[in-house]
Amino acid sequence: MYDVIIVGAGPAGASAALFTAKAGKQTLVLDNDQSMTKAAWVENHYGAPEIEGPELLKTGREQAGKFGAEFVNKQVEDVSKTDNQRVKVETEDGVYEAEHVILTVGGSTKLAESAGIDTTDGSEPRIKTIIDTDDAGKTSMEGVWAAGTVAGVSVHTIITAGDGAKVAVNVLSEMNGERYVDHDVLKKK
Ligand SMILES: Cc1cc2nc3c(=O)[nH]c(=O)nc-3n(C[C@H](O)[C@H](O)[C@H](O)COP(=O)(O)OP(=O)(O)OC[C@H]3O[C@@H](n4cnc5c(N)ncnc54)[C@H](O)[C@@H]3O)c2cc1C
């Protein structure tokens, strides 16, 4: 049983996992290793003057893993509600449950559509359909949120990563019953 399950370990998913894991929430990230970022060479990500896509993905996983996020390579087949109002995530060979699920599945709405989650037209180039969310990132299925490319934000690593973080902060705020802030203070030398 997890607090948060994130489907997708691209910039949006790993960034969301970093926040939820660092906040002490039991976090599972399920990913099928099809990130579009694997093909990228990035020179426009603030704080990383130039970086290969695969290196950005690896660093993101390691950063979230340091705080306890668990990464598992699996294809997610379905998402649905359980009788006790949790969210069930079905993979090719296992079922997981969490209070909240964040879909950060990149360019495909196939999973959302098969789960009956509302989609809508995309506005970014080459992104025809996106998951319909409110400003916080909530989808039409209670407890299921979406972030990154699949939620319709501009297809750039800094923006999808930022959106993953934004939605994670909203999830954490709802779980904790107050707005969540994660500020570490510079250590005295
Ligand atoms: C060739 C190329 C060059 C680029 N160059 C730049 C650049 O220079 N600068 C820049 O800012 N951006 C660049 N980008 C864009 C950048 O990669 C994206 O904006 C951003 O990384 C997308 O992040 P994301 O997390 O939304 O999606 P993704 O990185 O695609 O991650 C989605 C993840 O979800 C997983 N997934 C999907 N469905 C399932 C499922 N059913 N079960 C389990 N896992 C699933 C996938 O395996 C994937 O890991 C480039 C993209 C490409 C293709």
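Residues numbered from 1 in each chain as written. Predicted model: local features only at pLDDT ≥ 70, side-chain atom pairs only at ≥ 80, totals over all residues.

So, about the overall build of the protein. From N to C terminus, the protein includes four helices and 11 strands. The C-alpha radius of gyration computed for the protein amounts to 16 Å, which stays within 12% of the reference 16 Å derived for 189 residues, consistent with globular compactness. For the protein, the C-alpha atoms occupy an extent of roughly 50 × 40 × 30 Å along the three principal directions. Residues classed as buried in the protein amount to 42% of the 189 residues present. The long-range fraction of contacts in the protein, counting pairs at least 24 apart against all pairs at least 6 apart in sequence, stands at 57%. (Helix = DSSP H or I, 4+ residues; strand = E, 2+ residues; numbered from the N terminus. Rg over C-alpha atoms; globule rule 2.2 N^0.38 Å. Buried ≥ 20, exposed ≤ 12 C-beta atoms within 10 Å, placed from the backbone. Contact = placed C-beta atoms within 7 Å.)

Right, let's get into the environment of S15. Looking at the element boundaries, S15 is found in helix α1 (residues 11-22). The sequence separation of S15 and W145 amounts to 130 residues, and the corresponding C-alpha distance is 14 Å. With residues near it in sequence (within four places) discarded, S15 still touches G60, A161, G164 and A165.

Quick look at the packing of α1 against helix α4 (residues 157-176) now. Relative to each other, α1 and α4 sit at 35 degrees, their axes nearing to 7 Å. Crossing handedness for the pair α1 and α4: right-handed. In this structure, α1 contributes P11, A12, G13, S15, A16, F19 and T20 to the contact, and α4 contributes T157, T160, A161, D163, G164, A165, V167, A168, V169, V171 and L172. (Axes fitted to C-alpha atoms, helices over the stretch in contact; angles between N-to-C directions. Left-handed = near helix turned anticlockwise from the far one by under 90°.)

Below, the discussion takes up the environment of R61. If you trace the backbone, R61 turns up in helix α2 (residues 53-66). The class for R61 is partly exposed, based on 19 C-beta atoms found within 10 Å. Among residues more than four places away in sequence, those in contact with R61 are A9, A14 and F71.

Moving on, we come to the UniProt feature "domain: FAD/NAD(P)-binding" (unreviewed entry) in the protein. Cross-referencing UniProt, the feature "domain: FAD/NAD(P)-binding" (unreviewed entry) maps to residues 2-117 in the present numbering. Within residues 2-117, the helical portion is 28% and the strand portion 34%, while the C-alpha atoms at the span's ends are 21 Å from each other. (UniProt positions renumbered as here; feature names shortened; annotations may be inferred.)

Turning our eyes to something else, we now look at unusual backbone geometry. Despite not being glycine, D33 shows a phi value in the positive range, around 60 degrees. Tracing the backbone shows D33 in the loop between β2 (27-31) and β3 (41-42). Looking at D33, the number of C-beta atoms within 10 Å reads 10, which means it is exposed. Even without being a glycine, Q85 presents a positive backbone phi close to 65 degrees.

Next up on the list: the site of the ligand. G8, G10, S35, G106 and G148 are the nearest of the 35 residues found near the ligand. Only α1, β2, β3 and α4 provide two or more residues apiece to the shell around the ligand. (Near = placed C-beta within 6 Å.)

At a minimum axis separation of 8 Å, α1 and α2 run at an interaxial angle of 15 degrees. Taken as axis vectors, α1 and α2 run roughly parallel relative to one another. In the packing of α1 onto α2, the handedness of the crossing is left-handed. Contacts between α1 and α2 involve P11, A14, S15, A17, L18 and A21 from the first element and L56, G60, R61, Q63 and A64 from the second. A per-class count over the contact of α1 with α2 returns seven nonpolar, three polar and one charged. (Parallel < 35°, antiparallel > 145°, perpendicular 65-115°, else oblique. Nonpolar A, V, L, I, M, F, W, Y, C, P; charged D, E, K, R; others polar.)

Our focus in this paragraph is the environment of A112. Tracing the backbone through its elements, the reader meets A112 in helix α3 (residues 110-115). Judged by C-beta crowding, with 25 C-beta atoms within 10 Å, A112 ranks as buried. Sequence spacing of A112 and Q26 is 86 residues, and the spatial spacing of their C-alpha atoms is 23 Å. Beyond its immediate stretch of four places on either side in the chain, A112 contacts L103, I117, T119 and I131.

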